[in-house]
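A look at the structure
So you can see what is in the structure, the chains are spelled out below.
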Number of protein chains: 4
Amino acid sequence: MIIILKEDALEAQIDELRRDMESKGVVVQDIRGESKHMLGLAGDTSSISDEALQRVDFVDRVMKVSEPYKLSGRHFHPGPTVLDLPGGVKLGGGAFAVIAGPCSIETEEQILSIAKDVKRSGASFLRGGAFKPRSSPYSFQGLGLDGLDLLKIAREKTGLPIVSEIMSSEYLDVFARDVDVIQIGARNMQNFSLLRDVGSLGKPVLLKRGAASTIDEFLQAADYLLMGGTDRVILCERGIRTFETATRNTLDISAVPVIKKKSHLPVVVDPSHGTGYWDLVFPMALASVAAGADGLMIEVHNQPECALCDGQQSITPALFDQLMRKVNAMREVI
Amino acid sequence: MIIILKEDALEAQIDELRRDMESKGVVVQDIRGESKHMLGLAGDTSSISDEALQRVDFVDRVMKVSEPYKLSGRHFHPGPTVLDLPGGVKLGGGAFAVIAGPCSIETEEQILSIAKDVKRSGASFLRGGAFKPRSSPYSFQGLGLDGLDLLKIAREKTGLPIVSEIMSSEYLDVFARDVDVIQIGARNMQNFSLLRDVGSLGKPVLLKRGAASTIDEFLQAADYLLMGGTDRVILCERGIRTFETATRNTLDISAVPVIKKKSHLPVVVDPSHGTGYWDLVFPMALASVAAGADGLMIEVHNQPECALCDGQQSITPALFDQLMRKVNAMREVI
Amino acid sequence: MIIILKEDALEAQIDELRRDMESKGVVVQDIRGESKHMLGLAGDTSSISDEALQRVDFVDRVMKVSEPYKLSGRHFHPGPTVLDLPGGVKLGGGAFAVIAGPCSIETEEQILSIAKDVKRSGASFLRGGAFKPRSSPYSFQGLGLDGLDLLKIAREKTGLPIVSEIMSSEYLDVFARDVDVIQIGARNMQNFSLLRDVGSLGKPVLLKRGAASTIDEFLQAADYLLMGGTDRVILCERGIRTFETATRNTLDISAVPVIKKKSHLPVVVDPSHGTGYWDLVFPMALASVAAGADGLMIEVHNQPECALCDGQQSITPALFDQLMRKVNAMREVI
Amino acid sequence: MIIILKEDALEAQIDELRRDMESKGVVVQDIRGESKHMLGLAGDTSSISDEALQRVDFVDRVMKVSEPYKLSGRHFHPGPTVLDLPGGVKLGGGAFAVIAGPCSIETEEQILSIAKDVKRSGASFLRGGAFKPRSSPYSFQGLGLDGLDLLKIAREKTGLPIVSEIMSSEYLDVFARDVDVIQIGARNMQNFSLLRDVGSLGKPVLLKRGAASTIDEFLQAADYLLMGGTDRVILCERGIRTFETATRNTLDISAVPVIKKKSHLPVVVDPSHGTGYWDLVFPMALASVAAGADGLMIEVHNQPECALCDGQQSITPALFDQLMRKVNAMREVI
C-alpha cells in the first residue's frame with residue numbers, strides 16, 4: 001500500500017501517521033522525491049483501512065498496488081497521459097509525433113541540412129547525439145558541448161525542439177538550459193543516480209529501454225524519473241538482446257501494447273537501433289505504428305555512407321519523406 | 001559451389017564429373033533429395049570454372065553460395081515464390097491469405113461453428129490441432145485421428161482447405177491423404193527425419209520457426225523440406241524465446257523483412273503463439289501485416305474461456321471479424 | 001493431485017473411482033504410459049482426501065504435486081536414483097562415470113583407436129554418432145547403420161558399452177538391439193513421439209537438454225520417457241542458447257545443482273557441445289565435477305583437425321587422459 | 001593499428017607524426033586517457049611500417065590489434081597481470097583471494113560480526129554495499145555515507161581492506177579517500193562517464209560484467225578504466241540474463257577460461273548474484289575455482305532471513321567457513 005501525501009502535509013502530521021501505522025505492526029518506508037512525498041507500507045497491512053486513510057486531510061491518495069512499478073502504472077493514472085511538449089507538440093492518447101535526425105551531430109552543414117529536410121517531411125523534433133555512449137573508448141565519442149551548440153543553431157533556424165542524450169550529471173545544467181527533451185540511453189536505463197538527477201529538472205525526458213531490461217524494470221526506471229519530480233516521461237522501445245544475429249537487436253514491438261496495458265505513459269519506437277539496418281527501418285516503423293505506438297524515433301542522415309556513427313542504420317531524407325507519407329496514410333486507417 | 005543436375009542426368013555422367021572435380025583437389029558431396037540431385041563442392045574451388053560447368057549438358061544450374069541455406073535463398077530463386085495452394089488460394093509475392101481456427105479440435109459442433117465464422121470473415125484456411133505437442137505428458141494431447149475426421153467434416157461443410165500439425169512420421173499416409181497443408185511445429189523444426197519425410201510427400205508445408213532458432217537455421221530447415229521434394233513451403237514466424245516474461249514469447253516481427261531479403265518463400269506470422277495473450281493478437285497481427293507478412297495464422301475459439309488448450313491466446317469470432325476488416329483496410333494503404 | 005494405480009487394477013475399479021471423483025466436481029484425466037497408469041485430478045480438489053485414496057487397495061500412491069514435472073521429481077522419489085547400466089556401470093547417488101568418443105563414427109580404425117585410448121584412461125562408455133542431426137542438409141549426415149556396425153566392433157574389442165543418438169523411430173528396432181544407452185539429442189528433446197517410442201523400449205536413455213529449454217521443460221521431457229516405460233533416464237546438460245557469441249552455447253553448470261534439488265535422476269555434463277572449443281573443455285569439465293555432476297560426456301578424436309564433424313570441440317586422447325587424472329584427483333577432495 | 005606514445009612525447013612531435021600518417025591516406029584518431037596517449041590508425045594501413053614506427057623515439061609501442069579491446073587484451077600484455085592490492089593482497093597469475101561480506105551494510109554490530117567471521121575463515125577483503133542499485137525506487141537504497149563509516153570501523157577492527165560499490169561520480173572524493181577497491185556494478189558497466197572518472201583515481205577497481213554484456217564488451221569497459229589511468233582492474237563474472245527462470249541469472253562460468261585467453265586481467269566470480277539462491281552458492285563457488293577463477297566474491301550474512309537486501313542469496317558465516325576449507329583443498333589439487 002502506498003500513501004501519497006499532499007504537498008502541504010506537515011512533518012509532525014506525517015510522523016504521527018507513521019507511528020500510528022508502525023504501532024499496527026506495519027513496516028513504513030519514507031519515499032521522498034523532489035516533488036512527491038509518499039509512505040510505502042509493507043508487511044501485514046490487513047489491519048489498515050484504506051478508506052480511513054483516504055479521509056485523512058493531508059493524504060492525497062491511497063493506492064493498493066502489487067505491481068513493482070507504481071507512479072508509471074495505470075493504477076495510479078487510469079487514462080493515457082497526453083504530454084505537453086516544447087514547440088506545442090502533444091504526445092500520447094492519440095497524439096502522434098516523430099523525432100528524427102542523425103545519430104551524431106557532425107557539422108553545422110550536416111545538422112542544418114537534415115533538420116530542414118525532416119521538418120519539411122513532418123517531423124516534430126530534431127534528434128542529434130552530442131555525447132555518444134560507445135562500447136569502445138577508441139570510437140568517436142561525439143562533439144560534446146560543441147555538438148549541442150550546433151543543435152541549438154538548427155533549432156533556431158527550423159523551430160524544431162531538440163532531443164539529445166545526457167550521459168552524466170556533470171552536464172545537468174547545460175541540458176536543463178539548452179535541451180528540450182533530455183534522452184536517457186539504453187545503457188543508462190538503470191543508472192539510478194542519473195535518473196534521479198534528470199527527473200529533478202522537471203523537464204520532458206525520453207527514456208530508452210535497456211537492451212536486457214524487462215518491461216517491469218523499464219517502468220520502475222520511469223518511476224525513478226517521476227519520483228525525481230518530472231511528470232513528462234516518454235518511453236522508448238529500441239530492441240532487446242537475443243540470440244538472433246541477423247539484426248543488431250530484436251525489436252520487441254509487442255512491448256507497445258504490453259506497456260499500454262500497464263502504463264499511462266506514451267510509448268515511441270526506435271526502429272533504427274532496434275534493427276541496425278536501414279532497409280529494415282521502413283517496415284518496422286510501419287509495424288510500430290500499426291501496433292499502436294504514439295511516435296517514432298528515426299535516424300536520418302544526408303550521407304549515411306559517410307556517417308561517423310551508425311551509418312548503416314540511418315535512412316536518407318528522401319526515404320524518410322516516403323516513410324512519413326506512408327505512416328500518415330496508415331494512421332488514418334487505424 | 002553447388003551444381004544442380006538435370007533430372008535425366010545419367011549416373012555414369014555424374015560419376016565422371018565427380019572424378020573430374022576431385023582430380024582438381026575439391027571435396028565433392030553428393031546431395032540427393034527425392035526430386036533433386038546436386039553436387040556440393042567444398043574446399044579450394046578456385047580452379048573450377050562455373051561457366052564451363054554451366055555449359056555441361058546434364059547440368060541444370062551452378063550456384064556460388066556462401067550462405068548456409070541454398071534452395072530457400074534468393075540466390076537460387078531471385079523473385080518471390082507465389083504458391084498455388086488447395087482451394088485455389090495463392091500465397092506470396094503480393095498474394096495474402098489468412099489461416100484461422102482453434103488451437104485444438106474438440107467437438108464437431110465447435111470446429112464447425114468456428115469454421116463457418118472464420119470463413120464468413122474471409123479466412124482462406126481452417127486450422128485445427130489433432131495431435132498436440134505439449135510440454136507435459138499430463139496435458140491434453142489432442143483427439144488424434146478422430147480430430148482429423150472432424151476437421152474433414154468442417155472442410156466438407158465450408159469448402160475451406162485444412163491445415164494441421166504432424167508430430168510423427170507414423171501418420172505420414174493419413175496426412176498425405178487428408179490434410180491440405182501439413183504443419184510442422186516449432187518444437188520439430190529441427191526434427192530432420194520428419195522434415196525429410198514430410199518434404200517427400202510433395203504437398204504444401206507450413207514450417208514454424210523454432211523458439212530458439214536463428215533465421216539462418218530456419219531457412220536451412222526449409223532446405224530439408226525442399227530437398228525432400230516439395231516446392232511449396234510456407235515459413236511461419238511465431239515468436240522466439242527471450243528473457244522477457246510479460247509475453248509467452250517475443251514475436252520477432254523483424255524476421256519478416258529479414259526473411260524477405262534472404263529468401264523467396266512466403267512468410268506468415270502467428271501472433272497467437274507469438275504473444276500468448278488474446279488482447280495482444282489484434283495489434284500484433286496489424287503490425288505483422290504492416291511489416292510485409294504474406295499472411296496470418298490466428299487462433300480463434302468460440303468459447304476461449306473453456307478451450308482445452310491455449311484459451312488465453314485465442315480470440316473470439318467477433319474479434320476476428322473486426323481484425324479482418326482492419327487488416328484489409330490496412331493492406332489497401334500498403 | 002495424481003493417483004498412481006497398481007498394475008493389477010481392474011478397468012471396472014478404475015472407472016468407478018473416476019466417476020466418484022467426477023461427482024465431487026473434479027476433472028479427471030486418464031494418463032496411460034506403457035507401464036504406468038495414473039489418474040490426474042485437476043480443478044477444485046479440496047473435497048478429496050488423499051489419505052482415503054491412499055487406503056484404496058488398487059491405488060499404489062497418491063501425490064500432491066504442484067510442479068509441472070512428476071515422475072522425474074523428488075516428490076515422487078526422494079532419494080537419488082542410482083542407475084544400473086550395461087557393463088556393470090553404476091551412475092548417480094555418488095557413482096560417477098564418463099562417456100567419451102568421437103562426435104561421428106568415421107572409420108573402423110578411427111573408432112577402434114579412440115575406444116582403446118579412452119578405455120585405458122578410464123572411460124566407462126564409448127560414444128559415437130552414426131546418425132547426425134545437422135542444421136544443414138548439405139553437411140555430413142553420419143554413416144548411418146554402417147556406423148553402428150563399426151561401433152559394435154569397437155564394443156566387442158574393448159568391452160565398453162556404447163552410447164549413440166537416435167533421430168527417428170524408424171530405427172527403433174536396431175537401437176533396441178544394438179545400442180546400450182540410447183541418446184536423444186537436444187534438438188529432439190521435445191519430439192514427444194520419439195520420447196514415447198524410445199521410453200517404451202525400457203532401455204537406458206541419455207536425454208540432452210534442448211538449447212532453449214528450461215529445466216522444468218527438461219524434466220517434463222524426462223517424464224515422457226518415464227511414462228513410456230523406462231526407469232533409467234540420464235539427464236545431460238549441454239549448454240543453452242544466449243546472446244554470448246564467444247562460446248557456441250553457454251554451458252549452464254548451475255543446472256546441475258538445480259536439477260539435483262528438483263529431480264532424483266543422475267545428471268551428466270557435455271562440455272564439448274556446451275562450449276564448442278576444445279581448450280574450454282578441460283576447465284569446464286572440472287567445473288562440472290566440482291558442481292556435483294554425476295558424470296561427463298566428452299568428445300575425443302585422434303585427429304581433431306581432420307574430424308568430419310565438430311573437430312574444433314574435440315580433445316585428443318592424450319588430453320583426455322590428463323583430464324581423467326585431474327577429475328579423479330578432484331573427486332577425492334569433494 | 002595503435003601507436004602508444006611515451007609520456008614525454010611533445011605535442012609538436014605528435015602533430016608531425018599524425019600529419020605524416022594522414023598523408024599516407026590513413027585516418028588517425030587521437031585517444032587520450034588520463035595517463036595514456038595513443039594514436040589509433042584506421043583505414044588502409046598497408047603502406048605503414050610498424051617496424052619503422054617502433055623506432056621513432058617518442059613511440060612507446062605499436063600494436064596491430066583486430067580485437068575491439070586493446071589495453072585489457074593479451075596482445076598488449078601477454079602474461080597474466082598480478083595485482084598488488086591493499087592489505088598486501090596479491091591477485092591473478094596464481095594468486096587467489098576471496099571477497100566476502102553482506103549485500104548491504106545495516107548496523108555496526110552486523111558488519112563487525114560478519115567481518116570478524118569472514119576474516120577468521122580466510123577472506124582477504126570485506127565487501128559491503130553502502131549505495132545500493134535497486135530496480136525499484138521503493139526498495140531500501142542503502143545507508144549511504146553512514147554505511148561507508150561503518151565499513152571503515154570494520155576495517156579498523158579487523159584489518160581487512162574494503163570493497164564497496166560507487167553509483168555516481170558525486171561521491172568520487174569519498175571513495176578515493178575511504179574505499180580500498182572501488183566496485184562498479186553490473187548495471188553501470190556501460191556508464192562510460194563513471195568508468196572514466198573512477199579509472200582516473202588510479203585505485204584498484206572491481207568491474208562487474210553487465211547482465212546482457214558480451215565478453216568483448218566487458219573487456220572494452222575495462223579499457224575505459226585502463227584508459228582513465230588505473231592499471232589495477234579486477235573483472236567479475238556475476239551471471240548473464242537468459243530465458244531460464246530457475247536461477248536469478250545464468251552464471252557463465254565459461255567466461256573464466258574465455259577471458260583468460262583474451263585478457264591478462266584477473267577474473268573473480270560472484271556466485272551469489274550469479275545464481276540468486278544460497279544453496280547454489282556452494283557448488284557454483286567450487287565450480288568457479290575448478291574453472292580457473294582467480295578469486296570469489298561471496299555474500300555472507302549473519303542472519304540471512306532478516307537481511308534488508310538479497311537475503312535469499314546470502315550464506316551464513318558457518319557455511320562460508322566450510323566453503324573456504326573446501327576451496328582450499330580443491331586449489332591444492334588443481
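Given the structure is predicted, the values throughout are model-derived calculations rather than measurements.

Rules used in this analysis
- Residues numbered from 1 in each chain as written.
- Chains lettered and ligands numbered in written order.
- Predicted model: local features only at pLDDT ≥ 70, side-chain atom pairs only at ≥ 80, totals over all residues.
- Heavy atoms only, no water.
- Buried < 20%, exposed > 50% of the residue type's maximum accessible area, 1.4 Å probe, protein only.
- Helix = DSSP H or I, 4+ residues; strand = E, 2+ residues; numbered from the N terminus.
- Pairing = 2+ DSSP bridges.
- Least-squares fit on C-alpha atoms with pLDDT ≥ 70 in both.
- Contact = heavy atoms within 4.5 Å.
- Polar contact = N/O pair within 3.5 Å; in protein donor to acceptor, adjacent residues only side chain to side chain.
- Buried area = accessible area lost by both parts, 1.4 Å probe.
- Salt bridge = Lys/Arg side-chain N within 4 Å of Asp/Glu carboxyl O.
- Nonpolar A, V, L, I, M, F, W, Y, C, P; charged D, E, K, R; others polar.
- Domains from an automatic or database assignment.

Quick look at the pairing of strand β1 (residues 2–5) of chain D now. Residues and elements named next belong to chain D. Neither face of β1 is left uncovered, since the one carrying I2 and I4 and the one carrying I3 and L5 both have all their residues buried. In this structure, β1 lies alongside strand β4 (residues 59–63), joined through four bridges in antiparallel fashion. Each residue of the ladder has a partner; that of I4, found in β4, is R61.

By a simple turn and slide, chain D fits onto chain C: the slide is 0.0 Å along the axis, the RMSD is 0.1 Å, and the turn is 180°. With respect to symmetry, the two chain copies, as superposed, fit the operation of a two-fold axis. Looking at the rotation axis and the C-alpha trace of chain D, the residue lying nearest is A287 of chain D, at 2.0 Å. Comparing contact sets, 100% of the residues at the interface of chain D also lie at the interface in chain C, consistent with an isologous, same-surface contact.

Not every positive phi belongs to a glycine, and D310 of chain B is a case in point at roughly 60°. Among the structural elements, D310 of chain B can be located in the loop between β14 (295–299) and α11 (317–333).

Our focus in this paragraph is the side chain of T230 of chain D. All names here are of chain D. Summarising the element assignment, T230 is placed in the loop between α7 (215–228) and β12 (233–237). What makes T230 buried here is its relative accessible area of 1%. In this structure the side chain of T230 is engaged in a polar contact, spanning 3.2 Å, whose partner is the backbone nitrogen of R232. What T230 contacts, discounting residues up to four positions off in sequence, is G199, G202, K203, P204, V205 and L225.

Our focus in this paragraph is the interface of chain D and chain A. Between chain D and chain A, the contact holds 33 residues from the first and 33 residues from the second. Counting the surface chain D buries against chain A, the share from its top three residues, P137, Y138 and R241 of chain D, is 25%. One can count two salt bridges joining chain D with chain A. In this assembly, chain D and chain A are joined by 20 residue pairs in polar contact (both at pLDDT 80 or more). Listed by contribution, the elements that provide at least two residues to the side of chain D that touches chain A are β2 (27–32), α6 (192–199) and α7 of chain D. If you tally residues by element for the side of chain D that touches chain A, the top one is α7 of chain D, at five residues. Its residues assigned to classes, the side of chain D that touches chain A shows 13 nonpolar, 13 polar and seven charged.

For the rest of this paragraph, the subject is the environment of F175 of chain C. Residues and elements named next belong to chain C. With respect to the element layout, F175 can be found in helix α5 (residues 172–178). On the basis of relative accessibility, which here comes to 0%, the residue F175 falls in the buried class. Here the alpha-carbon distance between F175 and V163, two residues 12 residues apart in the chain, equals 9.9 Å. Among residues more than four places away in sequence, those in contact with F175 are F131, L148, S164, E165, I166, I182 and K203.

A separate point is the domain arrangement of chain A. Domains assigned within chain A are domain 1 (2–63) and domain 2 (83–333). Domain 1 of chain A and domain 2 of chain A are separated by 37 Å when their C-alpha centres are compared.

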